[in-house]
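# Report on the structure
The residues making up each chain are set out below.
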Amino acid sequence: MDHNTIAKLMRKKTGSYFKLSMALFFFAVFVLASYVVYIQYQFQQAGQTVTDNSNSHMIEVQGRQRSGGYHDLECLRFQDKEVALEILNGLDGLDESAIVFSYMINFGFSDQNGQVYFLKGYGVPAVGKRFLLEDVGEGAAYCSPKKGKGDIELLVPEVKIEEAGCVGGKTRGFRLALKPLENKSVLFWDATDYDDVLYVNEQTFQSVVQAMYGKEWKDFMEGYDAGENFGIQAIDHMYIYVPDLDDLHTAAKRMQEGGYLVRYAMEPFDGLHHFISTNHILLMCLLSVAFLFTAFHVVNSFNNYIRSMQKDIGILRHWGYTQKEVFTVYSKIVAAPYLILSSILAVYVFVLAFCAFAKGRVFHILLSEGFLALLLSVMLLLIFRAIKKVCSSQVLYLLKESKEME
């Protein structure tokens, strides 16, 4: 009689105990696989909301306090960047590329149709494009979605600095390509709020300033820091990107102690990042406990099942079947339903992960399926090990133990 026929006969004889063991085992794996997808989903949501959100890493420096009062502020100067670097010395990732300015010009510029626009400039550091706004490119500007794409020519005045103040002379055309900005909330302000505000990058802002004052940008910075009157507050804010959220409150506190007025999105949530990290570790610990519990259930359940079949194993061995042949028979009993149920679980996990993740979908599907494959493989090896252990026992021992169980 071949192995398949014997396996079918033995499978019929196993009755409800084997089916119950398999059902309980796969229910445990079903819950565990769902939990794995859920943990990944929680990790992703926490990352998108806090950890990977650039706004969470930013500190906005509004000015330098003279006497500790909120309204007694000095305007920021270009040299404040070097001062900030000294204050933040020792914190990981905080170098020159992590600090940028946002710029402004206090008055508006008319275009060829008489429409007035206000210019704001922003820096884009090396730490990431999502720091403030993505780089719009030189000679271009972000505008309100209501404006739409197009080109405009701003009339930039040539400003002369005299003892009595700044005097505007003739104007020159400055062409900009407009790019509508959709849903770009930047830290504490919404870049889409105003139809008459244009956002240009640092290079374009420098070109406008150079056209206004007839000075090189380097000379303008030196004069501005020295207190020369240009009639504008060129620097609006200074932004500091802190790569490690654990250093965020430390960096903000240092800047405050250095006399700067700061604010940052995570200010009301001190310890939130630590809580999220701790929660992730706790979830992984719970997952490990669930994994161990499932493994214990599998080993215990199938050990009891194999022990209940010892008499049949002993009889087969007595009839001349080798250990390998008996092992093959009982492996087939387990393998057939195991593969069917494993396939159902794999499809379930695929559908669940596909629906749960819009971002990084392939990675999360592969990770979930990989965990499921690892779990099922380990469990199958444990089952086969339990079968092999019993099949390798002596015939008399198998028959004796079966008699005692009866």
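Everything quoted here is computed from the prediction, not taken from an experiment. (Residues numbered from 1 in each chain as written. Predicted model: local features only at pLDDT ≥ 70, side-chain atom pairs only at ≥ 80, totals over all residues. Heavy atoms only, no water.)

## Some details on the packing of aromatic side chains
Note the cut-off: Ring geometry is summarised as follows: Phe, Tyr and Trp rings, the Trp one being its six-membered ring, pair when their centres sit within 6.5 Å, and such pairs are stacked at plane angles under 30 degrees, edge-to-face over 60 and tilted between the two. Only DSSP runs of H or I covering at least 4 residues are called helices, and only runs of E covering at least 2 are called strands; the numbering of each starts at the N terminus. For every residue, the accessible area (1.4 Å probe, protein chains only) is compared with the maximum for its type, and the residue is labelled buried under 20%, exposed over 50%, or partly exposed between those bounds. The rule is short: NZ of Lys or CZ of Arg within 6 Å of the ring centre and within 35 degrees of the ring normal puts a charge over the ring.
Within the structure shown, the criterion is met by 18 aromatic pairs. Measuring from ring centre to ring centre gives 6.4 Å for Phe78 and Tyr103, while their planes differ by 35°; the resulting arrangement is tilted. Residue Phe78 is found in the loop between β2 (73-74) and α2 (80-87), and its partner Tyr103 is found in strand β3 (residues 99-104); the two are separated by 25 residues along the sequence. Residue classification places Tyr103 among the buried positions, given a relative accessible area of 2%. Members of the aromatic cluster, joined through ring pairs, are Phe78, Phe101, Tyr103, Phe205, Tyr213, Trp217, Phe220, Tyr224 and Phe230. Note that Arg77 overlies the ring of Tyr224, its terminal NZ or CZ placed 5.9 Å from the centroid. Sitting over the face of the ring of Phe354, Arg361 holds its NZ or CZ atom 4.1 Å from the ring centroid.

## Quick notes on the packing of helix α8 (residues 323-356) against helix α9 (residues 361-391)
Let me state the cut-off plainly: Axis definition: a line fit to C-alpha positions, over the contact stretch in the case of helices; interaxial angles, taken between N-to-C directions, run 0 to 180 degrees. Convention used here: angles under 35 degrees read as roughly parallel, angles over 145 as roughly antiparallel, angles from 65 to 115 as roughly perpendicular, and any remaining angle as oblique. Each crossing gets its handedness from the near helix: less than a right angle anticlockwise from the far helix is left-handed, clockwise is right-handed. Three classes are used: nonpolar for Ala, Val, Leu, Ile, Met, Phe, Trp, Tyr, Cys and Pro, charged for Asp, Glu, Lys and Arg, and polar for all others, with Gly counted as polar.
At a minimum axis distance of 10 Å, the contact between α8 and α9 shows a crossing angle of 160°. Compared by their axis directions, α8 and α9 come out roughly antiparallel. When the axes of α8 and α9 are compared, the crossing they make is right-handed. For the contact of α8 with α9, the per-class residue count stands at 20 nonpolar, 5 polar and 3 charged.

## Description of the pairing of strand β11 (residues 197-201)
Cut-off, in case you're wondering: When DSSP finds at least two bridges between two strands, those strands are taken to pair.
Within β11, 5 of the 5 residues are buried, leaving the element largely enclosed by the surrounding structure. Side chains of β11 alternate between two faces, with Val197, Tyr199 and Asn201 and Leu198 and Val200 buried alike. Here strand β5 (residues 116-122) runs beside β11; their pairing, made up of 5 bridges, is parallel. Looking at the pairing, Phe118 lines up with Val197 of β11.

## Notes on the nonpolar core
Our working rule: Each nonpolar core is a collection of buried residues, namely Ala, Val, Leu, Ile, Met, Phe, Trp, Tyr and Cys, held together in the definition by side-chain atoms within 4.5 Å. Here a residue-residue contact requires only that any non-hydrogen atoms of the pair lie within 4.5 Å.
Among the nonpolar cores identified, the biggest contains 57 residues, and Ile59, Leu176, Leu198, Phe220, Ile240 and Met255 are the most heavily contacted of them. At 6 residues, the largest contribution of residues to this core is made by helix α3 (residues 202-213). Apart from residues no more than four positions distant in its own chain, Leu176 is found in contact with Leu119, Gly139, Ala140, Ala141, Gly150, Asp151, Ile152, Leu154, Leu198, Val200 and Thr204. Within the second largest apolar cluster, 34 residues are counted, among which are Ile306, Tyr321, Tyr338 and Leu376.

## Some thoughts on α3
Owing to its 3.6 residues per turn, the α-helix brings residues three or four apart onto one side. The test is simple: Residue count minus one, scaled by 1.5 Å, sets the expected span of a helix.
Between its terminal C-alpha atoms α3 stretches 17 Å, which fits the 16 Å expected from 12 residues at 1.5 Å a residue. Taken residue by residue, α3 has Thr204, Phe205, Gln206, Val208, Val209, Ala211, Met212 and Tyr213 as its buried positions. Of the residues flanking the end of α3, it is Gly214, one or two places downstream, whose phi is positive at about 65°.

## Re the pattern of salt bridges
Any two side chains of opposite charge can pair if their charged atoms end up close together. Our working rule: The working definition used for a salt bridge is a side-chain nitrogen of Lys or Arg within 4 Å of a carboxyl oxygen of Asp or Glu.
The tally for this structure, following the rule as stated, stands at 5 salt bridges. The closest approach of N and O atoms between Arg263 and Glu60, which form a salt bridge, is 2.6 Å. Of this pair, Arg263 sits in strand β13 (residues 260-263) while Glu60 sits in strand β1 (residues 58-65), and the two are 203 residues apart along the sequence. On the accessibility criterion, Arg263 (30% relative accessible area) is partly exposed. Since its relative accessible area comes to 0%, Glu60 is described here as buried. For Asp80, the salt bridge is made with Arg64, and the minimal N-O distance between the two is 3.6 Å. Of the two residues, Asp80 sits in helix α2 while Arg64 sits in strand β1, which places them 16 residues apart along the sequence. Accessibility expressed as a relative area gives 26% for Arg64, which makes it partly exposed.

## What about a negative patch on the surface?
Operational definition: Exposure above 30% relative accessible area and the lack of any salt bridge qualify a residue for a patch; like charges then connect within 9 Å, and the nonpolar side chains Val, Leu, Ile, Met, Phe, Trp and Tyr within 5 Å. Per-residue and other accessible areas were derived by the Shrake-Rupley procedure at a 1.4 Å probe size, with only the shown protein chains allowed to occlude residues. The charged-residue count follows a simple rule in which Lys and Arg add positive charge and Asp and Glu add negative charge, with His and chain termini not counted at all. By convention, the point assigned to a charge is CZ for Arg, NZ for Lys, CD for Glu and CG for Asp.
Together, Glu82, Glu86, Asp95 and Glu96 make up a negatively charged patch on the protein surface. Take Glu82: it is sitting in helix α2.

## Description of the environment of Gly139
Along the chain, Gly139 turns up in the loop between β5 and β6 (140-143). In this structure Gly139 comes out as partly exposed when scored by relative accessible area, which is 29%. Separated by 35 residues in the primary sequence, Gly139 and Phe174 have C-alpha atoms spaced 8.8 Å apart. When residues no more than four places from it in sequence are discounted, the contact partners of Gly139 are Arg175, Leu176, Ala177 and Thr204.

## A short note on the side chain of Ser34
Inclusion rule: Contacts described as polar in this section are N or O atom pairs within 3.5 Å, which, within protein, must combine one atom able to donate a hydrogen with one able to accept it, while residues neighboring in sequence count only if both atoms come from side chains.
Within the secondary structure layout, Ser34 lies in helix α1 (residues 3-51). When its relative accessible area of 18% is taken as the criterion, Ser34 is described as buried. Of note is the side chain of Ser34, whose polar atom sits 2.9 Å from the backbone oxygen of Phe30. Setting aside chain neighbours within four positions, we find Ser34 in contact with Tyr348 and Leu352.

## What to know about the confidence of the model for the protein
Spelled out, the test is: Scored from 0 to 100, pLDDT reflects the predictor's confidence in each residue.
Averaged over all residues, the pLDDT of the protein is 77; the fraction at 70 or higher stands at 74%. Segment residues 402-406 is flagged for pLDDT under 50; beyond a separation of four residues in sequence, or across chains, it makes 6 contacts in the model.

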